[in-house]
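Here is how the chains run, residue by residue.
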Amino acid sequence: KKIAVVIVAAGSGSRFGDPIPKQYHLLGGKPLLRHCIESFAKLVPLEMIRVIYNPDHRDRYDDAMNGLSLPEPIAGGLTRQQSVLNGLRSLEDENPDYVLIHDAARPGISDDVILRVVNALSEHSGAIPTLPVMDTIKQAGHSGFIEKTIPRAQLHRAQTPQGFHFATILKAHKQFEGLEFTDDAALLEQLGLDVICVEGDVANDKVTRPDDMDRAHDRLYTGSK
Ligand code: C5P
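Summarised in this report is the structure supplied together with it.

Cut-offs and rules
Residues numbered from 1 in each chain as written. Predicted model: local features only at pLDDT ≥ 70, side-chain atom pairs only at ≥ 80, totals over all residues. Heavy atoms only, no water. Core = buried A, V, L, I, M, F, W, Y, C linked by side-chain atoms within 4.5 Å. Buried < 20%, exposed > 50% of the residue type's maximum accessible area, 1.4 Å probe, protein only. Helix = DSSP H or I, 4+ residues; strand = E, 2+ residues; numbered from the N terminus. Contact = heavy atoms within 4.5 Å. Axes fitted to C-alpha atoms, helices over the stretch in contact; angles between N-to-C directions. Parallel < 35°, antiparallel > 145°, perpendicular 65-115°, else oblique. Left-handed = near helix turned anticlockwise from the far one by under 90°. Nonpolar A, V, L, I, M, F, W, Y, C, P; charged D, E, K, R; others polar. Near = heavy atom within 4 Å. Polar contact = N/O pair within 3.5 Å; in protein donor to acceptor, adjacent residues only side chain to side chain. 1 Å grid on protein atoms, 1.4 Å probe; cavity = no way out; pocket = protein on both sides within 12 Å on 5 of 7 lines; lining within 4 Å. Sits in = over half its atoms within 2 Å of the grid points. Points joined across faces, edges and corners; volume = space filled by probe spheres on them.

Counting residues in hydrophobic clusters, the biggest one holds 52 residues, and the most contacted among them are I7, L33, L88 and V99. Looking at this core element by element, the count peaks at 7 residues for strand 1 (residues 3–9). With near-sequence residues (within four places) excluded, L33 lies in contact with I7, A9, Q23, Y24, V51, Y61, M65 and A104. Counting residues in hydrophobic clusters, the runner-up holds 5 residues, among them L27, L32, V207 and M213.

It is worth spelling out the packing of helix 3 (residues 80–89) against helix 5 (residues 166–175) at this point. Between helix 3 and helix 5, the least distance of the axes is 10 Å, while the angle of their chain directions is 130 degrees. Taken together, the axes of helix 3 and helix 5 lie oblique to each other. Note on packing geometry: the crossing formed by helix 3 with helix 5 is left-handed. Of the residues in helix 5, those in contact with Q81, V84, L85, L88 and R89 of helix 3 are F166, I169, L170, H173 and K174. Its residues assigned to classes, the contact of helix 3 with helix 5 comprises 6 nonpolar, 2 polar and 2 charged.

What follows deals with the site of the ligand. Every one of the 16 residues lining the ligand counts as a neighbour, but V8, A10, G11, G77 and S83 are closest to it. A distance of 2.9 Å separates a nitrogen atom of the ligand from a polar atom in the backbone of G77. L78 is positioned with one of its backbone polar atoms (N or O) 3.2 Å from a nitrogen atom of the ligand. In this structure the site holding the ligand corresponds to the largest pocket. Sorting the residues of the shell around the ligand by element identifies strand 1 and helix 3 as the ones contributing at least two each. Considered class by class, the residues forming the shell around the ligand number 6 nonpolar, 5 polar and 5 charged.

Right, let's talk about the layout of surface pockets for a bit. Empty space among the atoms can be located by rolling a probe the size of a water molecule over them. There is about 750 Å³ of room inside the largest pocket. As for the largest pocket, its lining consists of 31 residues, of which G11, R15, R80, D103 and K206 are closest to the centre. Taken as a whole, the second largest pocket spans an internal volume of roughly 210 Å³. Along the walls of the second largest pocket sit R15, A203, D205, K206, V207, T208, R209, D212, R215, A216 and R219, which together make up its complete lining.

According to the stated counting rule, one finds 1 cavity of 30 Å³ or more in the structure shown. Of the pockets and cavities examined, the largest cavity occupies roughly 40 Å³. Taken together, T79, Q81, Q82, L85, H173, E177, G178 and L179 make up the full set of residues lining the largest cavity. Tallying contributions element by element places helix 3 first for the lining of the largest cavity, with 3 residues. Residues that form the lining of the largest cavity fall into these classes: 2 nonpolar, 5 polar and 1 charged.

This is the structure:
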C-alpha cells in the first residue's frame, strides 16, 4: 500500500506561553517536529511526508530540517482543520492509498503505534490510537458548579497519528471545509463511517504546556511512564 504522512506543525502554540512555538522546542537536542519526522521516516519514504508549517517560522523550520531532504513544506491555515486540508490537497497528485495525520506536538510516537494504525486500515475507513480515561470526568457550568459526572467506561483519549483511506478523508475534509473539528476522525464520525480505536501510548501524549516537555523528556529518554 502507498502510505503518505501529513504532520501538522502550523500552530502558534499560544497555550505554551513562549514565543518559540512548541513544535520547534528542543527535546534531547532535537526539535519536536524533527522527532516526529524521524519516526515516520523509518516506515515511509521521505517524499511521501508533508509538513504543514507557518511560513513566518521558515528559519526555525529550516534549522529543524537540517540535512533532511523533504518535499517543500505546505503553508497551514488559521485552524488545525484547514492546515490538514492544505496537506491533503498537496497529496492529490500522489494519490496514496492511506494517509496518516499526525500532530507535531507528539514527539513520542513509536513504530508500534504507527503500525497498529496502519494495520487496522485494511478493514476500516479510519483508525486512531486511544487511551482509556483514568480520571473521573465532570461537566460544570460557567459558574464552576458541577452539573454531572460523565461515565468514563466508554470514553477514550484520542491521539495521533490518525490513519484513513486517503480518498475518504480528503472528500470529508473538502465537504466540511471551514469548520473547526479538533481531530480528523470527527469528520468521518459525522458521515457515519467506521473509525476503530487501536491502543495508544502515554509516551505519545501531546506536549501542550511547558511542564509537558519535562514529562516528554523523561518518557523518551528514561522509558518512564
Ligand atoms: O492546538 P492543538 O494542540 O490542537 O494543535 C495540534 C497540532 O495542530 C499542533 O501540532 C499544531 O502545530 C497544529 N496546528 C496547525 N495549524 C493550526 C493550528 C494547529 O497545524 N492552525
